[in-house]
Amino acid sequence: MLILMHPTATPEDVEQVATKVRDLGFTPHKMPGAQRIAVAITGNPGPVDPGFFAHMPGVFEAVSISKPWKLVSRETHPHDTVVSLKGPNGTASRLGGGVFGVFAGPCAVETREQTLAAARTVRESGARFLRGGAYKPRTSPYSFQGTKLEGLKILAEARAETGMPVVTEVIDPQHVDQVAEYADILQIGTRNAQNFALLEAVAESGKPVMLKRGMSSTIQEFLMAAEYIVKGGNYNVILCERGIRTFEPMTRNTLDLGSIPLIKRLTHLPIIVDPSHGTGDALSVPALARAALAVGADGVMVDVHPDPSKALCDGPQSLTPAIFASLMDSLRAIAQVMKVELV
Ligand code: PEP
Ligand code: MN
């Protein structure tokens, strides 16, 4: 159920509606919109009688929401969510609502030199956000597991120097506070896409979250995972399509670009595409990054390494700085055609 308020409704009117929702034993969520505020209701086991609200002061209409992912659905919030980020020195970045964001950097933070070199080069080519994993969830326990706290400190240094907000993965609810201290955006990786305790913990952190699609998640499961974070009061969620597991082994994952227009219709949250993890193949990444922009995604995230042949993690999918620079040129050209802002 969604209670649409009149544009002239007062804060007291809205609070009265919220109180009524609480009195009924449910949870109200105030959703500010461009023209007016709405109050979404969750926690109701079945339909709520619109008659409870229809005649309250300031109420325009009470409508039921058909989707189980209530708070992330466009029915609840018709306008695009724009995620705003404050970088170092008060710089601000936006993503969504016609602003396309490029996230780039190494798969893993290996050394200070490697990360700073990657950060400088992607910034110079026009990336807006720096990516880099400090805590690495690896399939094999014998693979490089990341530089952890040391890596977070290196990312913070790269952030301070380049002015780029940083996204990095958090793999354990116990690390959320530590990662949130250094990062601007907390990444939930594909392997934790349905780790509900972790989703609740990042919701509580109040930091913007980048939620990757589980490698076997349906679109519904993906949106329900996002719902966990938004239900926790954190609306700054960026979805990320990174490929799903299908019967095809030659492309590592199947990058589901066909899901993007549908997801854009179903949810107000921005969605970006990670063609690096989606294919595992640097030769395929530029074409799919361009396709992601053309298909309506709000951003891309690509692995860039100063020397991919020496990468400790995901070298075969990492772009060289030169290839990344030429990818940025082609993205700028497509952005013009698509009439989206790529700054
Ligand atoms: C990553 O982006 O570093 C990563 C591990 O991605 P994914 O969770 O999509 O495999
Ligand atoms: Mn990786």
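All figures in this text were calculated on a predicted structure; none of them were measured in a lab.

Engineer: Sorry if this is basic, but what is going on with the site of ligand 1 here?
Structural biologist: Contacts to ligand 1 come from Arg 131, Lys 136, Glu 169, Gln 187, Gly 189, Thr 190, Arg 191, Lys 212, Arg 242, His 277 and Met 301. A distance of 3.2 Å is found between an oxygen atom of ligand 1 and a side-chain nitrogen or oxygen belonging to Arg 191. Note that an oxygen atom of ligand 1 is positioned 2.8 Å from one of the side-chain N or O atoms of Lys 212. Within the complex, the protein chains bury 97% of what would otherwise be the 290 Å² of accessible surface of ligand 1. When each cavity is represented as a set of grid points, ligand 1 is found to reside in the largest pocket. Broken down by class, the residue content of the shell around ligand 1 amounts to one nonpolar, four polar and six charged.

Engineer: Quick question: what am I supposed to make of the environment of Trp 69 here?
Structural biologist: Positionally, Trp 69 belongs in the loop between strand E4 (59–63) and strand E5 (83–86). When the C-alpha positions of Trp 69 and Glu 227 are compared, they lie 5.9 Å apart, and in sequence the two are 158 residues distant. Those residues in contact with Trp 69 that sit more than four places away from it in its chain are Gln 220, Leu 223, Met 224, Glu 227 and Leu 266.

Engineer: Where do I start with the pairing of strand E12 (residues 237–241) in this structure?
Structural biologist: A regular strand places its side chains on the two faces of the sheet in alternate fashion. Among the five residues that make up E12, five are buried, leaving the element largely enclosed by the rest of the structure. Taking every second residue as pointing to the same face, both faces of E12 are buried, with Val 237, Leu 239 and Glu 241 on one and Ile 238 and Cys 240 on the other. With four bridges joining them, strand E11 (residues 209–212) and E12 adopt parallel strand pairing. Residue pairing for E12: Val 209 is matched across the bridge by Val 237. Chirality of the crossover, the property in question, places the unit of E11, helix H6 (residues 219–231) and E12 among those that are right-handed. Note that the unit made of E12, helix H7 (residues 259–266) and strand E13 (residues 271–273) has a crossover that is right-handed.

Engineer: Just to check I follow, could you spell out the side chain of Ser 73 for this structure?
Structural biologist: Mapped onto the elements, Ser 73 comes out in the loop between E4 and E5. The class for Ser 73 is buried, based on a relative accessible area of 1%. Setting aside residues up to four positions removed in sequence, Ser 73 forms contacts with Ile 65, Lys 67, Leu 266, Thr 267 and His 268.

Engineer: Please explain the state of the cysteines as it appears in this structure.
Structural biologist: Any covalent bond linking the sulfur atoms of two cysteines counts as a disulfide. Tallied over the entire structure, the rule returns zero disulfides. Sulfur of Cys 240: no disulfide; nearest cysteine sulfur belongs to Cys 107 and is 13 Å away. Since its relative accessible area comes to 0%, Cys 240 is described here as buried. Looking at the unpaired Cys 313, the closest cysteine sulfur is the one in Cys 107, lying at 3.4 Å.

Engineer: Looking at this structure, I do not really get the environment of Arg 242. What am I missing?
Structural biologist: Looking at the element boundaries, Arg 242 is found in the loop between E12 and H7. Since its relative accessible area comes to 3%, Arg 242 is described here as buried. In sequence terms Arg 242 and Ala 322 are 80 residues apart; their C-alpha atoms lie 23 Å from each other. Residues contacting Arg 242, with those up to four places away along its chain left out, are Thr 190, Lys 212, Arg 213, Met 215, Asn 253, Leu 255, Asp 274, His 277 and Gly 278.

Engineer: Would you take a moment to explain the pattern of salt bridges for this structure?
Structural biologist: Opposite charge on two side chains makes pairing possible when the charged atoms of those side chains draw close. Evaluation of the coordinates by the stated rule reveals 17 salt bridges. Residues Arg 131 and Asp 303 are paired through a salt bridge, measuring 3.5 Å at the closest nitrogen-oxygen approach. Of this pair, Arg 131 sits in strand E8 (residues 129–131) while Asp 303 is found in strand E14 (residues 299–303), placing the two residues 172 residues apart along the sequence. Since its relative accessible area comes to 0%, Asp 303 is described here as buried.

Conventions used here
Residues numbered from 1 in each chain as written. Chains lettered and ligands numbered in written order. Predicted model: local features only at pLDDT ≥ 70, side-chain atom pairs only at ≥ 80, totals over all residues. Heavy atoms only, no water. Near = heavy atom within 4 Å. Polar contact = N/O pair within 3.5 Å; in protein donor to acceptor, adjacent residues only side chain to side chain. Areas by Shrake-Rupley, 256 points an atom, 1.4 Å probe, with all protein chains shown as cover. 1 Å grid on protein atoms, 1.4 Å probe; cavity = no way out; pocket = protein on both sides within 12 Å on 5 of 7 lines; lining within 4 Å. Sits in = over half its atoms within 2 Å of the grid points. Nonpolar A, V, L, I, M, F, W, Y, C, P; charged D, E, K, R; others polar. Helix = DSSP H or I, 4+ residues; strand = E, 2+ residues; numbered from the N terminus. Contact = heavy atoms within 4.5 Å. Buried < 20%, exposed > 50% of the residue type's maximum accessible area, 1.4 Å probe, protein only. Pairing = 2+ DSSP bridges. Right-handed = clockwise from strand over helix to strand, strands pointing away. Disulfide = S-S within 2.5 Å. Salt bridge = Lys/Arg side-chain N within 4 Å of Asp/Glu carboxyl O.

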